[in-house]
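Spelled out, the chains give:
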Amino acid sequence: MNKAFDIAIESLASPGATAPAPSTSTSSPAASPHPRHPNAAPGKSFYLETFGCQMNVHDSEKVSGVLLGRGYRAVESPAEADLVLYNTCSIREKAAQKVFARLGDWKTTSQNKIIGVLGCVAQQEGEEIFERAPWVSLVCGSASYRRLPDLVAELESGGRRVTGLDLDTEETFETEITRRDNPFRAYLTIIEGCDYSCAYCVVPLTRGPERSRPSGSILSEVRRLAAAGYTEIQLLGQTVNSYRDPSAPKLNFVDLLYAVAAVPGIRRVRFTTSHPNDFTREIVQAIDSTPALCDHIHLPVQSGSTPILRAMRRTYTREEYLEKIAWIRAARRPISLTTDIIIGFPGETEIDFAGSLSLLDALQCDGVFSFKYSPRPNTPARDMPDAIPEEEKSRRLAILQEHQRLIQIARNDLLVGSQFEVLVDARHAGRDQWAGRTTSNRVVNFTSPRVNLLGEYVQVRIARAGPNCLVGEHLV
Ligand code: 5AD
Ligand code: SF4
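Notes on the structure follow. (Residues numbered from 1 in each chain as written. Chains lettered and ligands numbered in written order. Predicted model: local features only at pLDDT ≥ 70, side-chain atom pairs only at ≥ 80, totals over all residues. Heavy atoms only, no water.)

This part takes up the packing of aromatic side chains. Within this structure, the stated rule accounts for 7 aromatic pairs. Between the aromatic rings of tyrosine 145 and phenylalanine 173, the centroid separation amounts to 5.3 Å while the plane-to-plane angle is 65°, which identifies the pairing as edge-to-face. Taken together, the positions of tyrosine 145 in the loop between β5 (136-140) and α5 (148-156) and phenylalanine 173 in the loop between β6 (162-164) and β7 (185-189) put the pair 28 residues apart, joining distant regions of the chain. Judged by its relative accessible area of 1%, tyrosine 145 falls in the buried class. By relative accessible area, which is 3% here, phenylalanine 173 ends up buried. Between tyrosine 200 and phenylalanine 345, the ring centres sit 6.4 Å apart and the planes meet at 85°, which makes this aromatic pair edge-to-face. Taken as a pair, tyrosine 200 in the loop between β8 (191-192) and α6 (203-207) and phenylalanine 345 in the loop between β13 (336-343) and α12 (350-363) lie far apart in primary sequence, 145 residues in all. Each member of the pair, tyrosine 200 as well as phenylalanine 345, carries the same accessibility label: buried. An aromatic cluster is present here, built from Tyr200, Phe345 and Tyr373 joined pairwise through their rings. The residue whose ring lies beneath arginine 92 is phenylalanine 371, and the NZ or CZ to ring-centre distance is 3.8 Å. (Phe/Tyr/Trp six-rings, centres within 6.5 Å; stacked < 30°, edge-to-face > 60°. Helix = DSSP H or I, 4+ residues; strand = E, 2+ residues; numbered from the N terminus. Buried < 20%, exposed > 50% of the residue type's maximum accessible area, 1.4 Å probe, protein only. Lys NZ or Arg CZ within 6 Å of the ring centre and 35° of its normal.)

In the vicinity of ligand 1, the contacting residues are Ile91, Arg92, Tyr200, Gln302, Asp340, Ile342, Phe371, Lys372, Tyr373, Ser374 and Arg376. Within the side chain of aspartate 340, a nitrogen or oxygen atom sits 2.6 Å from an oxygen atom of ligand 1. For the shell around ligand 1, the secondary-structure elements that each account for two or more residues are β13 and β14 (367-372). Of the residues contributing to the shell around ligand 1, the split by class is 5 nonpolar, 2 polar and 4 charged. (Near = heavy atom within 4 Å. Polar contact = N/O pair within 3.5 Å; in protein donor to acceptor, adjacent residues only side chain to side chain. Nonpolar A, V, L, I, M, F, W, Y, C, P; charged D, E, K, R; others polar.)

Looking now at the pattern of salt bridges. Summed over all chains, the structure comprises 29 salt bridges. Notably, a salt bridge pairs aspartate 181 with arginine 179, separated by 3.0 Å at the nearest N-O pair. On the basis of relative accessible area, arginine 179 is assigned to the buried category, the value being 8%. One salt bridge in this structure joins arginine 411 and aspartate 366, with 2.7 Å as the shortest N-O distance. Residue arginine 411 is found in helix α13 (residues 390-413), and its partner aspartate 366 is found in the loop between α12 and β14; the two are separated by 45 residues along the sequence. Among the residues examined, arginine 411 registers a relative accessible area of 22% and is labelled partly exposed. In the salt-bridge network here, residues are joined through shared partners; they are Arg185, Glu232, Arg267, Arg268, Arg270 and Glu421. (Salt bridge = Lys/Arg side-chain N within 4 Å of Asp/Glu carboxyl O.)

The next point concerns the packing of helix α7 (residues 215-227) against helix α8 (residues 253-261). At a minimum axis distance of 10 Å, the contact between α7 and α8 shows a crossing angle of 25°. With respect to their mutual orientation, α7 and α8 come out roughly parallel. Two packed elements cross with a definite hand, and for α7 against α8 that hand is right-handed. Between α7, through Ser215, Ile218, Leu219 and Val222, and α8, the contact on the second element is made entirely by Leu256, Ala259 and Val260. When the residues that make up the contact of α7 with α8 are grouped by side-chain class, the tally is 6 nonpolar, 1 polar and no charged. (Axes fitted to C-alpha atoms, helices over the stretch in contact; angles between N-to-C directions. Parallel < 35°, antiparallel > 145°, perpendicular 65-115°, else oblique. Left-handed = near helix turned anticlockwise from the far one by under 90°. Contact = heavy atoms within 4.5 Å.)

Around ligand 2, the surrounding shell consists of Cys194, Tyr196, Cys198, Tyr200, Cys201, Val203, Pro204, Thr239, His275 and Arg314. Taken together, the residues that form the shell around ligand 2 break down as 7 nonpolar, 2 polar and 1 charged.

Moving on, we get to the pairing of strand β3 (residues 83-88). Remember that side chains alternate between the two faces of the sheet whenever the strand is regular. In terms of burial, β3 is largely enclosed, as 6 of its 6 residues are buried. Judged by which residues are buried, β3 turns out to be covered on both faces: Leu83, Leu85 and Asn87 on one side and Val84, Tyr86 and Thr88 on the other are all buried. Pairing between strand β1 (residues 45-50) and β3: 5 bridges, direction parallel. Among the inter-strand pairings, glutamate 49 is bridged to a residue of β3, identified as tyrosine 86. (Pairing = 2+ DSSP bridges.)

Remember that the coordinates give geometry; whether it matters functionally is a separate question.
Set out below in structure tokens:
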């Protein structure tokens, strides 16, 4: 059973927060005052810095909502804050190191502040964080965020060190107040944790087992978001397409896609990240038949070599992955594809690496997130033989990125002269350009004679293309 926090009202904007000001009536979430928690901390302020993935960004929005509901004010610099929180990422070593560098800043200056570590590093390092940085007083992993209000209350009433590190929870982190930082695209977690066990990955250890959120609660949030003016929804999960409704309607992922896309006012629905193992033809059919489902799929492959995929415990072969790509390419409307690749996994030979390069040729992705393999604590890959030296990983990464850059230049060149609908989400004042995304998630920068376009859907003709964005002009 999912129990909500004890805050009585949905509020989507935050007085005093750093969110960009909503600027059009069609895209502006309604602001409403934050009701105070009985143990509220009037006048106290917090600063929250987020590292890592979209799930972390959205968790931070929810954490901010909880703190605002307790009477905290958001401030823009840690120096001004009574409570300084870092929502951390430990997917690769560099990300985890960054957090300890930040904590180091407080070694001699943390008096009168509460310093807290949230997220994956908190879960992974646990109470050891207190040893390494004794000035930290709160350590809480994402699976325990529902306890955050109590943990903060404990600190407010004089507690010195508190932790929330349980992973054995059935619950998802639902809040009644979420401070949404993006006034145009609302993120919504539908499934938390991960039940796969990829040999390189810390996520099952830091985010715990898979928990899906009841469909009724998801759909009522989507309806509230639509009523508040949001037109684009992005459904989130580490393996979003493994979604299984724990409540009576028993919707599967595709049923949920249709239901979210049918909510009046919602014009675009995205979802990320999909796992190839749970990727079905029905997902492609749903996109094909439902204009509101965006024509973009992010489907991480991780390697183009079947032996490496097996060593990674990815549960599919190169050929099985390509079979699913063939369904996507056979769709009636073009669907943009992006992927993730890890290079330099232990034992990756030149032949395996060449397999990843040739896979990129076969996939023709519009974007690839590529990473050097980074050994992580308590993962099976950490102790695998035949580690690839760091310089060799760097060499392979540079080759792969250049290979993909050329693919993207060629693909984007083909789009010059075509016309796209763009949801405008930014203005580059210096360049006198607007920016936004197509339904296929391509970034478009463009000029327009109009004065205010933020939050609008406009038609843009593409005049030039680079590897990572398109440049065009507004068709007024
Ligand atoms: N080393 C390098 N990349 C990793 N990823 C996950 N774990 C590691 C690791 N240990 C990458 C995968 C995943 C993305 C979010 O991060 O490609 O899809
Ligand atoms: Fe990590 Fe694999 Fe789960 Fe993705 S599917 S979060 S890579 S364990």
